[in-house]
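One-letter residues, chain by chain:
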Amino acid sequence: MQTVAVIDYGMGNLHSVSKALEHVGAGRVLVTSDAQVIREADRVVFPGVGAIRDCMAEIRRLGFDQLVREVSQDRPFLGICVGMQALMDRSEENGGVECIGQFPGSVRFFGKGQVEDGEALKVPHMGWNEVAQTVKHPLWHNIPDMARFYFVHSYYVEAGNPKQVVGRGHYGNDFAAALADGSRFAVQFHPEKSHTHGLQLLQNFAAWDGRW
Amino acid sequence: MALAKRIIPCLDVDNGRVVKGVKFENIRDAGDPVEIARRYDEQGADEITFLDITASVDGRDTTLHTVERMASQVFIPLTVGGGVRTVMDIRNLLNAGADKVSINTAAVFNPEFVGEAAQRFGSQCIVVAIDAKRVSAPGETPRWEIFTHGGRKPTGLDAVLWAKKMEDLGAGEILLTSMDQDGMKSGFDLGVTRAISESVGIPVIASGGVGNLDHLADGIIEGKAAAVLAASIFHFGEYTVPEAKAYMASRGIVVR
């Protein structure tokens, strides 16, 4: 049976991610902070919630920045929410934080007091929003274009390479809802909290050979 | 592309059982919160709120166990509130699978707790629950106060200022319970819902007194809420979540 490692660096609740992966029959799901277990896993999931400075501090302390660079190259790898943001070059949250740099681009604040169509935009961007599938990708299999996924974030990814944006979201401005490059895929929304479409994406991830 | 307004069924849970029976079409009353949450999930509810009203200390373990079971089977966001007083309470609930934790009375008596919680766990998972009632007489400039103990005890705190303070301390969302002056089932107090929604930059969930689908739509359109929470209209099978969504959509509200 294949193994899926969910990287645990002590930030937040990994219960939902691991339960959702088990629910779709992704294989043996290991929530772990053991570098060896992560290196040996067939697939790796890199979640994250909370403040990026705290996340990056823990990631570096555990040496996971280097580990993520390694294991995101040669097997299916999925970053979720702050996990996606940590894969960028840098974030402007917490006064500016250098991140892992697996995708070119940066993480920006939505900004307070934005108004769109006469409505004040609340931050965090919280709830179900549409994702435009800008490019075909195995992880979009069986998911309709413009399907709604559950988001909760105050900062968004501005991709440095537009070709890597495979899903586009919009909230006041366009942002990268999903990025892909080789065996790496990253989503701003929470597939584990996005009902049928989210579970489908996780199932697609579990079946993906990592090629794109 | 627009963010959908959310519909959130709320379950009152005592010692691992839903307090009032819940009735779905063709399904008899069920008291298991996990079973009920699954039904709402299937109906297309956008989130579930689990309000723990267990009085006993021993009951806390039952709550954690129930949350854990629910989070293993329901793949939409889950907020848990009721009796949250310490950082350890929050940690335990998040570890059991809650996505957000709602702080109510503890915020009133110790506002710094909200700040501490947001620092530790991130604003995205800290909801502050506010019970507000109108205290101004008819004809006066409207003023609303925070109440505790199920709406019985006034605190002297202005509800709008309080909501802003909670935002400043790091709350990620406000769960505002209000009732129109007439009392039960006459809808939200749209005045306070709108006053708070327009003065904070974080999402506001409107709750309290929902008796029909117009109340839900009014909470969004007039009250400017980002989400509406209701219990009894869904529990007793008066309306289903899809009916509520279809009605809201007919009034021009974006729903999932």
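Conventions used here
- Sequence order as written defines residue numbering, which begins from 1 separately in each chain.
- Key to labels: chains lettered from A, ligands numbered from 1, both in the order written.
- Local features in a predicted model are, by the rule used here, given only for residues with pLDDT of at least 70; side-chain atom pairs are given and counted only at 80 or more, and totals for whole chains, interfaces and linings are based on all residues.
- Here, strands pair whenever DSSP counts at least two bridges between them.
- The secondary structure listing takes helices from DSSP runs of H or I that are at least 4 residues long and strands from runs of E that are at least 2 residues long, numbered from the N terminus.
- Contact between two residues is assigned whenever their backbone-derived C-beta positions fall within 7 Å.
- The convention used is that axes are lines fitted to C-alpha atoms, helices contributing only their stretch in contact, and that angles between N-to-C directions extend from 0 to 180 degrees.
- Residue polarity is assigned by list, with Asp, Glu, Lys and Arg as charged and Ala, Val, Leu, Ile, Met, Phe, Trp, Tyr, Cys and Pro as nonpolar; anything else, Gly included, falls into the polar class.
- UniProt positions are given in the numbering used here, feature names are shortened, and annotations may be inferred rather than shown by experiment.
- Exposure is read from a count of other C-beta atoms within 10 Å of each residue's own; the residue is exposed at 12 or fewer, buried at 20 or more and partly exposed in between. C-beta atoms are placed from the backbone.

### Some remarks on the sheet that holds strand β7 (residues 105-109) of chain A
Residues and elements named next belong to chain A.
Right, on to step 1. Pairing is mixed across the open sheet formed by four strands, whose spatial order is β6-β5-β7-β13. The strands lining the two open edges of the sheet, one partner per strand, are β6 (97-98) and β13 (155-159).
Right, on to step 2. The sheet contact formed by strand β5 (residues 90-91) and β7 spans two bridges and is parallel. Directly across from Ser91, in β7, lies its bridge partner Val107.

### Here's the deal with the sheet that holds strand β11 (residues 132-133) of chain A
Residues and elements named next belong to chain A.
Right, on to step 1. Here eight strands make up an open sheet; going across it, the order is β2-β1-β3-β4-β16-β15-β14-β11 and the pairing mixed. Because the sheet does not close on itself, it has two edges, and the strands there are β2 (28-32) and β11.
Right, on to step 2. Across the sheet, helix α1 (residues 15-23) lies against β1 (3-7), β2, β3 (43-46) and β4 (77-80), angled at about 170 degrees from β2, the strand it touches most.

### Considering the interface of chain A and chain B
Right, on to step 1. Taken residue by residue, the interface counts 29 residues in chain A and 26 residues in chain B.
Right, on to step 2. Elements represented by at least two residues in the side of chain A that touches chain B include exactly α1, β10 (125-130), β12 (148-153), β14 (165-171) and α6 (195-207) of chain A.
Right, on to step 3. If one sorts the elements of the side of chain A that touches chain B by residue count, β10 of chain A sits on top with six residues.
Right, on to step 4. Split by residue class, the side of chain A that touches chain B holds 11 nonpolar, 11 polar and seven charged.

### A look at the environment of Trp140 of chain A
Right, on to step 1. Position of Trp140 of chain A relative to the elements: it lies in the loop between β11 and β12.
Right, on to step 2. As for Trp140 of chain A and His125 of chain A, which are separated by 15 residues in sequence, their C-alpha atoms are 23 Å apart.

### Topic: the packing of helix α2 (residues 59-73) of chain B against helix α3 (residues 87-96) of chain B
Residues and elements named next belong to chain B.
Right, on to step 1. The geometry of α2 relative to α3 is characterised by a closest axis approach of 8 Å and an angle of 35 degrees between their N-to-C directions. Residues Leu64, Val67, Glu68 and Ala71 of α2 touch α3, and the partners they reach there are Asn92, Leu93 and Ala96.
Right, on to step 2. Looking at side-chain class alone, the contact of α2 with α3 contains five nonpolar, one polar and one charged residues.

### Section: the UniProt feature "active site" (unreviewed entry) in chain B
Residues and elements named next belong to chain B.
Right, on to step 1. Feature annotation in UniProt places "active site" (unreviewed entry) on Asp12 and Asp131, given in this structure's numbering.
Right, on to step 2. Mapped onto the elements of the fold, Asp12 is located in strand β1 (residues 6-14).
Right, on to step 3. Look at Asp12 and you get partly exposed, because 18 C-beta atoms sit within 10 Å.
Right, on to step 4. For Asp131, the residues in contact, after removing those within four places along its chain, are Ile146, Phe147, Thr148, Gly151 and Thr177.

### Things to note about the UniProt feature "active site" (unreviewed entry) in chain A
All names here are of chain A.
Right, on to step 1. Look at the UniProt record and you will see "active site" (unreviewed entry) annotated at Cys81, His190 and Glu192. For this annotated set, covering 112 residues, all C-alpha atoms fall within 10.9 Å of each other, a compact arrangement in space.
Right, on to step 2. The residue Cys81 is located in the loop between β4 and α5 (82-86) in this model.
Right, on to step 3. Judged by local crowding, Cys81 falls into the buried class, with 26 C-beta atoms found within 10 Å.
Right, on to step 4. For Cys81, the contacting residues outside a window of four places in its chain are Pro47, Gly48, Val49, His153, Gln188 and His190.
Right, on to step 5. Counting through the fold element by element, His190 comes out in the loop between β16 (184-187) and α6.

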